[in-house]
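Take a look at the letters that make up each chain.
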Amino acid sequence: MDQQAAIDYVLSLAREQGEPEVDLIVERSEQLSLRVLNGQVEKIDQATALGLGIRVVHQGRTGIASTERLEAAALEKAFRSARENALLNDPTEVVLPQAAPDLPDPQDLELLNPAIERLTVDELGAFGLEVEATARQADARVTAVPYLTVSRSSSAYRIVSTHGVDYQQRQNNVGAYCQALLEDGERRKSGGHMWVGRAWDPTQSTLIGSTAVRKAADLLTAGPVSGGQVPVVLDEYCAPQLLGLYLGCFSAEAAQKGQSRLQGRLGELIADESLDLSTEPHRVGAGSSRYMDAEGIPTRTVPLIAKGRFEEFMYHIESARRDGRESNGHAGRSYSGGIVTSGHNIVMPTGAHSLDALSGLPEKCLLVTELEGAAGCNPLSGDISIGVQGFWIENGQRQQAVDSVTIAGNFFDLLKAIRARGNTYQPNLSRMFIPAVLVDGLTVSS
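## Some remarks on the sheet that holds strand 21 (residues 443-445)
- The sheet built from eight strands is open, its strands ordered 7-21-17-16-15-8-20-18 with mixed pairing. The open sheet is flanked by strand 7 (228-229) and strand 18 (418-421), the only strands paired with a single partner.
- In this structure, strand 15 (residues 364-372) lies alongside strand 16 (residues 383-394), joined through eight bridges in antiparallel fashion. Residue pairing across strands places Cys365 opposite Ile393, the latter belonging to strand 16.

## Looking at the packing of aromatic side chains
- A complete count under the given rule lists eight aromatic pairs for this structure.
- For the ring pair Phe127 and Trp195, a centre distance of 5.8 Å and an interplane angle of 35 degrees mean the geometry is tilted. Placement of Phe127 in helix 4 (residues 121-138) and of Trp195 in strand 6 (residues 187-197) is noted, with a sequence separation of 68 residues between them.
- Residue classification places Phe127 among the buried residues on the basis of a relative accessible area of 4%.
- By relative accessible area, which is 8% here, Trp195 ends up buried.
- Where Phe310 meets Phe313, the ring centres are 4.8 Å apart and the plane angle is 85 degrees; that geometry is what we call edge-to-face.

## A word on the confidence of the model for the protein chain
- Chain-level statistics for the protein chain give a pLDDT mean of 94 and a share of 100% at 70 or above.
- The spread of mean pLDDT over the elements of the protein chain runs between strand 7, the lowest at 90, and strand 14 (residues 346-347), the highest at 98.

## Thoughts on the environment of Val368
- You can see Val368 is positioned in strand 15.
- Accessibility expressed as a relative area gives 1% for Val368, which makes it buried.
- The sequence separation of Val368 and Pro146 amounts to 222 residues, and the corresponding C-alpha distance is 25 Å.
- Other than its neighbours up to four places away in sequence, Val368 contacts Val232, Val233, Leu234, Asp235, Cys238, Val388, Gln389 and Gly390.

Cut-offs applied
- Residues numbered from 1 in each chain as written.
- Predicted model: local features only at pLDDT ≥ 70, side-chain atom pairs only at ≥ 80, totals over all residues.
- Heavy atoms only, no water.
- Pairing = 2+ DSSP bridges.
- Helix = DSSP H or I, 4+ residues; strand = E, 2+ residues; numbered from the N terminus.
- Phe/Tyr/Trp six-rings, centres within 6.5 Å; stacked < 30°, edge-to-face > 60°.
- Buried < 20%, exposed > 50% of the residue type's maximum accessible area, 1.4 Å probe, protein only.
- pLDDT = per-residue confidence, 0-100.
- Contact = heavy atoms within 4.5 Å.

See the structure below:
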């Protein structure tokens, strides 16, 4: 049966079996991906996924089950499993919301570009070949372009409930990643660059290839620097990557489980007094925008930090009821999973400085332009220990490229040590709107 018939069938099962507290999620995703190697399209992958997840709140207990087959027998089995799972769980006090009136049209968020849906294999392949050609022509030391992919993807999401909730939205994007390998004598280094957006821009092919080569070329002359506690600038790509590792501490559910150092600290000064941080789900065209969360709660902007003070946790229905509050619309859920805390778009306001100006504020600093894994970062304790690449800066001038160094510190100390911010966000499609930051107190070691 089609999607609407499957939804109607599940709601009819709820009525027949006397279950007034039921909601369901339907997700559909499509991806077309091409790999380019040595002047030809080597591989084409096309994948489609469809699933329906059912949540039954039975006598205060929540059960979840899912199916990837929209057939009567499969839907009945999933519904029965959700009821049975509910009986096995502890009471949750979850009460499903009524439908919200006057919700805006999701199309106002501009998450779907029809032009991307029409992109053909030939167009994506030509784009990838141009990226590869640009990379090979950018520097005589390029010996290979070992990894180059181009893809477009789209997804659709719908939540329906026995309480009249019915919300759906679609989104898509197109992107590419290129990795170039350079050799100069005994030294071999690779550099990569990714682009992802909601606007199809063929001219990006030149930028992707040349940027990947430039990053590798920089590393050919890179080396370690003397260690110590020095100012560090995280550029507009690295700042959201690093800070994003620790944002789970703003989850009420994490705090209730003893997994957040922010438990019991509402209203305290936890960051520099100039710092604001919020979740903004209504940002047009952003990576994680929506008018309704995965439980049918209307979303809204929520300040996490305002003028340095911790303002509010992110709640879904269950975590909010534990604290005697109302959900502020931060439930996330896939069709095959349970409710989790979702931060939507995370926004830190920009500052006044370009990246060069920011790097020129201290007499000396380390400008970080690449992060190398996060195995040494602990989201619970806030400890930071991560390998980085970048440039050593003195008096605003780049002195040398840097690799084989580690920066170390703590996320909660870092929030209080942000001295200045950049004036722009990274250009890729993202849910993280965090500019470059100049930070004191991190330790650099080779």
